[in-house]
Amino acid sequence: MAKTLIVGEIQKGSLRESTLELVALARKRGGDVTSLVIGSGVAAAAEALSKKGGGKVLVADDATLANYTADGHVRAIRKAIDAEKPDLILISNTPIGWDIGGRLAAQLDCGIASDVIRIEAEGDDLVFVRRMFNAKFDARLRIAGSPRIATVQPGACEAHGGSEPGSVVALDGVGGNSRSTFVEVRVAPAGGHDLTKAEIIVSGGRGLQKPENFDAVLKPLVEALGGQMGASRPVVDAGWLPHEYQVGSSGQVVAPKLYVAVGISGAIQHLVGMKNSNFIVAINKDPDAPIFEVADVGIVGDLFE
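First, a word on scope: everything that follows refers to the structure included in this document. Just so we're clear, the structure is a prediction, and the values are computed from it rather than from any experiment. Residue indices begin from 1 for each chain and proceed along its sequence in written order. In view of the model being predicted, local features appear only for residues whose pLDDT reaches at least 70, and side-chain atom pairs are presented and counted only at 80 or more, with totals across whole chains, interfaces and linings using the full set of residues. Processing note: side-chain calculations cover all non-hydrogen atoms of the structure and skip hydrogens and water entirely.

Considering the nonpolar core
- Core analysis: the largest hydrophobic core is formed by 25 residues, its most contacted members being I6, V37, L49, L90, V116, I119 and F128.
- Secondary structure counts use DSSP, requiring at least four H or I residues in a row for a helix and at least two E residues in a row for a strand, with both numbered from the N terminus. Within the residue set of this core, elements represented by two or more residues are α1 (17-29), β4 (32-39), α2 (43-50), β5 (56-61), β6 (88-92), β7 (112-122), β8 (125-132) and β10 (148-152).
- What makes two residues a contact is simply this: any of their non-hydrogen atoms within 4.5 Å. In this structure, V37 is in contact with I10, V42, A46, L49, V57, L58, V59 and A60, ignoring residues within four places of it in sequence. Take the buried Ala, Val, Leu, Ile, Met, Phe, Trp, Tyr and Cys residues and link them wherever side-chain atoms come within 4.5 Å; each set so joined is a nonpolar core. Each residue is assigned to one of three classes by its accessible area relative to the maximum for its type, calculated with a 1.4 Å probe on protein chains only: buried under 20%, partly exposed between the two thresholds, exposed over 50%.

Rendered as structure tokens:
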């Protein structure tokens with residue numbers, strides 16, 4: 001029988017939305033679903049995951065895991081793998097996922113598919129779909145052997161909304177010394193700008209002409225819609241906004257309910273980061289701008305009007 005292990009991720013004491021997206025993929029696959037929560041004092045997060053379809057939730061709770069280190073996380077995951085013998089391991093494609101996915105695959109000598117947007121069943125086999133060359137192509141990958149690891153792009157699917165009853169089980173022997181030592185967390189000057197959780201994003205591009213117009217022109221629309229502000233790469237490269245505002249393949253990949261692109265032509269690296277949005281509105285004076293190819297509503301006109 002198929003058996004999936006979900007590696008949960010906690011941010012500021014709560015489960016990341018991307019963890020519930022992994023639950024959706026695992027539930028769609030069928031079979032047994034087991035989840036793992038790692039940290040110190042994470043019982044509440046584990047209980048919440050067990051009530052949201054996470055199945056049997058293993059809790060790796062130890063003082064040495066209070067702060068993230070790759071060594072500590074991988075040690076806990078390997079304990080869970082030894083206990084549950086899953087044939088598929090799902091990890092969110094976040095900075096933590098990038099750090100532990102390859103390390104775990106190397107230690108287990110198994111295959112890994114990174115930045116997956118979809119998992120398809122073909123008979124008894126699994127096909128992992130990921131974008132390549134700035135989303136010009138979709139690659140379809142099969143991984144031989146077991147277990148298989150996939151890091152999944154946040155926002156690639158909707159979070160699981162069910163409430164299947166689960167259980168919480170302590171995972172023993174997860175503590176220990178690490179070769180790396182946690183020093184500190186440095187928060188970005190803006191206080192952190194996580195666009196991946198925003199339901200409404202209004203992004204500005206070079207069409208706004210100067211940095212002052214982000215406050216004068218774009219910010220009132222952002223506030224009226226109750227959204228968050230984003231930006232294209234040229235805006236960030238010019239120093240008009242910090243990097244955490246950047247939407248695109250080299251910034252944040254987002255999938256909000258509403259995405260408004262203002263004065264953005266639609267370079268391929270930007271489209272990769274926002275094309276999965278539920279509804280896209282684009283404003284640009286160039287009728288041939290690539291952004292209109294993905295927009296649900298396109299307004300050809302002067303954004304200042």
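Still more ground to cover, so stick around.
Topic: empty space enclosed by the protein
- Of the grid points, spaced at 1 Å and generated over the protein atoms alone, those admitting a 1.4 Å probe that cannot get out make up cavities, while open sets with protein on both sides within 12 Å along at least five of seven lines make up pockets; any residue with an atom within 4 Å of a point is treated as lining. Grid points are joined across faces, edges and corners, and a volume is the space filled by probe spheres set on the points. Going through the model one piece at a time under the given rule, you end up with 1 cavity of 30 Å³ or more.
- Roughly 30 Å³ of volume is contained in the largest cavity.
- Lining the largest cavity are V7, G8, E9, H73, I91, S92, I96 and I100.
- Looking at the lining of the largest cavity, the elements with two or more residues in it are β6 and α4 (95-108).

Topic: the sheet that holds strand β15 (residues 280-284)
- Strand order across the open sheet formed by 5 strands is β13-β12-β14-β15-β16, with parallel pairing between neighbours. With partners counted over all chains shown, the strands left at the sheet margins are β13 (228-231) and β16 (297-300), one partner each. On average, each strand axis in the sheet is tilted by 15° relative to the strand beside it, whichever way the strands run.
- Any two strands with at least two DSSP bridges between them are considered paired. Direction of pairing for β15 relative to β16: parallel, over a ladder of 4 bridges. Within the sheet, the bridge partner assigned to V281 lies in β16 and is V297.
- Together, β12 (200-204), β13 and β14 (258-262) form the strand contacts of helix α5 (residues 212-225), whose direction differs from that of β12 by roughly 170°. Fitting a line to C-alpha atoms yields each axis, with helices limited to the stretch in contact; the angle taken between N-to-C directions then spans 0 to 180 degrees.

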